[in-house]
Amino acid sequence: LGSSRCGVCGMKRDLVDNHEDEYYDLKSSHSCTDPLCCLLFVGALLGFGNLYGSLIVTGNVGKLYHGIDWGGRVCGLDTGVEEKPYLYWCASASASGGGLHFNTQKPVCVASCPDGSLTSMFFNMNAECALVSGSLSQMLSYKTQTLGHYCIPDTSEDQGGTSQQIASQLNDMGTFAQQALGSLPAAWPLMVGAFACSLVLGYLYLVMLRHCAEALIYLSIGLCTLGSLALGAYLWLNAGTLLQGMDRGSRQEASGLTGHEELATKVAAIVCFGLAALLVFMVQCLSHSIHVASACVEVACEVLFEMPSLLLAPIVKVFVKGLAFLVLLFGFLLLYSTCEMTSGEDGMLRHFSPDDNQKLTLLFYLIMAIWILAFISAVYQFMVAYSVVEYYHTPFDHGGDKDVGCCEVLEGLQVALMYHPGSLAFGSLLIALLSVLQKIIEYAERQNQVAGGNRIVACLLCIAACLVSCCKDMLQRVSRCAYIDMAITSNNFCDASQQALGTIAAMAASLGILTGATFVFSVFGVISICLCCGAFTYHAASTGAFADASSESFIESPVAVTVAALAISALVAFAFMDIVDMASDSLLYCYQMDRQRGTGGKKAPRALQDLFAS
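Read on for a plain summary of the structure. (Residues numbered from 1 in each chain as written. Predicted model: local features only at pLDDT ≥ 70, side-chain atom pairs only at ≥ 80, totals over all residues. Heavy atoms only, no water.)

Focus on the overall build of the protein
Going by this rule: Segments assigned H or I by DSSP are reported as helices when at least four residues long, segments assigned E as strands when at least two residues long, and all are numbered from the N terminus. The rule is simple: take the accessible area with a 1.4 Å probe, protein chains only, and divide by the maximum for that residue type; under 20% is buried, over 50% is exposed, in between is partly exposed. Contacts were defined at the residue level, with two residues in contact if any of their heavy atoms lie within 4.5 Å.
Secondary structure assignment for the protein yields 20 helices and nine strands. The buried share of the protein, reckoned over its 614 residues, is 45%. Restricting the contact set of the protein to residue pairs at least 6 apart, pairs at least 24 apart contribute 74%.

Pasting the structure below:
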């Protein structure tokens, strides 16, 4: 192979397929691809950066969550209330006695929430309340707690049924959201613990896949079979009696089954039995394919442990993509806050109405945000593929091992950004456009429902949604293989995709079984990691200082903290599952290309050679 290279721009040179050499310098075989797409991406980034910079000056995220007083002013932001960032609902004696009446339609902005002290109870907000009520003598103060930028009645004390009254007069979902968000700052140690726990479980799961992948997939199939049999037996034994255990509302909703309940239940039971039989049949007929797929996953995990830098890739992906998502989300909120705002009467609800230019700007921002995130994923996939290809083509030493370096991932990142940013941006742009088109169709479906639900329009939108979803799924699969081909041959995106389609067609059966196996492993791994981290977080949030109302670490909503921990653990788990999927696909793709060239896969890992020789 030649060693000529190019800078950021240039034309791709022809490659010489000579993989029989004892030494194969993968990096020197790469040259620049799709330079026009690279220039388009850079130009779009410059425009996006200019937009983001202007949003930092003109936007204000506080408009989205700060309270709004009776005059339509945003507390802490608008003129006249800059020093009053909290929203307070004035209260007076209830006409029926025995409690407080809250004026939810005319809240006021205050400098601080009343905490029960004499000063705050009588002089902090009564003057503001007198402006909206016209009478200072009728106003009553009450102790509150600060949740975000809202003064919520203190639920630790029963102020004549205050908590029940405020829940019924204010927006229940808004109050719950404030309580949930208020619990997150105190729970940061649990968030860190959930992240660390998910990392440990992720690496432990990789070790299990390396040594007993086949056992895990049979365990998953066995559990699904037993679950289907148990559900089928329950439905069959309770046919005709299920509706009796429902409440009246549920029975009314299921009134269409009246007279056919027993038949419908038995049909559902037969479906469950059929699913269990199908699983057993699959195990009997596809045992060899399951063995091949499991072994391929085990080899992929072995490759990961042979290159320690790859083991750090999931952590890096979580941090980089998570940080990019937060930055892009913040920018979107800044952009949304620049739209014209109208407020509701309770000081919490608000509505933003973008004009035509703002709608186009929102569309551009959405496309760019998805494009950037997809580009990060494409670079990550290329890095993993490049590292696996480098390992695959490294010749065996005298001891039968592959002596690989320690920085293959960094070398893959360098090759991706120096030679293939245009090709990676091209593939990412196609995925971003399809994703945005999906969102537009979903928005159109919601608008159609609001307008009365035209059945013809709904049918057309459903067909369009299915077509776009299928195209997107196919494009994502082809793009993954195209990036692998690009790592091997340095083809541009179109040529790599064409080559990938041919290779996928040649190994359709093996790839299908492998995809099914990795899907099972992914689902099993994500569920296991999330359940363990969720159980740990909920138990910790419900005990000790986190459950002590007098503690500074008190968590008012353990469920909200658990949901946040589940989201964190799911992101980490998906990162670990994705690298296994990408590594196994890369190995299989390299082996298939060797077979197509007639080289026989002599440089494939021993386990992979033995696997396909059996």
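Section: the packing of aromatic side chains
Keep this limit in mind: A pair of aromatic rings is counted whenever rings of Phe, Tyr or Trp (Trp by its six-membered ring) have centres within 6.5 Å, and the orientation is called stacked for planes under 30 degrees apart, edge-to-face for over 60 and tilted otherwise.
Going through the model one piece at a time under the given rule, you end up with twelve aromatic pairs. Note on Tyr 203 and Phe 576: the rings are 4.8 Å apart at their centroids and 85° apart in plane angle, and the pair reads as edge-to-face. Note that Tyr 203 is positioned in helix 7 (residues 188-237) and Phe 576 in helix 19 (residues 558-597), a separation of 373 residues in sequence. The class of Phe 576 is buried, set by a relative accessible area of 1%. For the pair Tyr 483 and Phe 493, a centre-to-centre distance of 6.3 Å together with 50° between the ring planes defines the contact as tilted.

Structural notes on the state of the cysteines
This is how it is decided: Disulfide: a pair of cysteine sulfur atoms within 2.5 Å of each other.
Applying the stated rule across the entire model yields two disulfides. Sulfur-sulfur distance for the disulfide between Cys 75 and Cys 109 comes to 2.0 Å. Between Cys 75 and Cys 109 the disulfide shows an S-S torsion of about -80°. By sign, it is left-handed. Of this pair, Cys 75 sits in the loop between helix 2 (62-65) and strand 1 (86-88) while Cys 109 sits in strand 4 (residues 108-110), and the two are 34 residues apart along the sequence. For Cys 75, a relative accessible area of 0% gives the class buried. Classification of Cys 109 as buried rests on a relative accessible area of 3%. Cys 113 shares a disulfide with Cys 151; S-S distance 2.0 Å. What sets the handedness of the Cys 113 and Cys 151 disulfide is the S-S torsion sign, and at about -85° it is left-handed. On the criterion of sequence distance, the pair formed by Cys 113 in the loop between strand 4 and helix 3 (118-123) and Cys 151 in strand 7 (residues 150-153) is long-range, its members being 38 residues apart. We note that Cys 113, like Cys 151, is buried.

Focus on a nonpolar patch on the surface
Applicable threshold: Without a salt bridge and with relative accessible area above 30%, a residue can belong to a patch; like charges are then joined within 9 Å and nonpolar side chains (Val, Leu, Ile, Met, Phe, Trp, Tyr) within 5 Å. Per-residue accessibility takes into account occlusion by the displayed protein chains alone, with areas from the Shrake-Rupley method and a 1.4 Å probe. We define a salt bridge as a side-chain nitrogen of Lys or Arg found within 4 Å of a carboxyl oxygen belonging to Asp or Glu.
Among the surface-exposed residues, Leu 226, Leu 229, Trp 236, Leu 237, Ile 270 and Phe 273 lie close enough to one another that they form a single nonpolar patch of about 610 Å² accessible area. Every element with two or more residues in the nonpolar patch is listed here: helix 7 and helix 9 (261-285). With respect to the helices and strands, Ile 270 occurs in helix 9.

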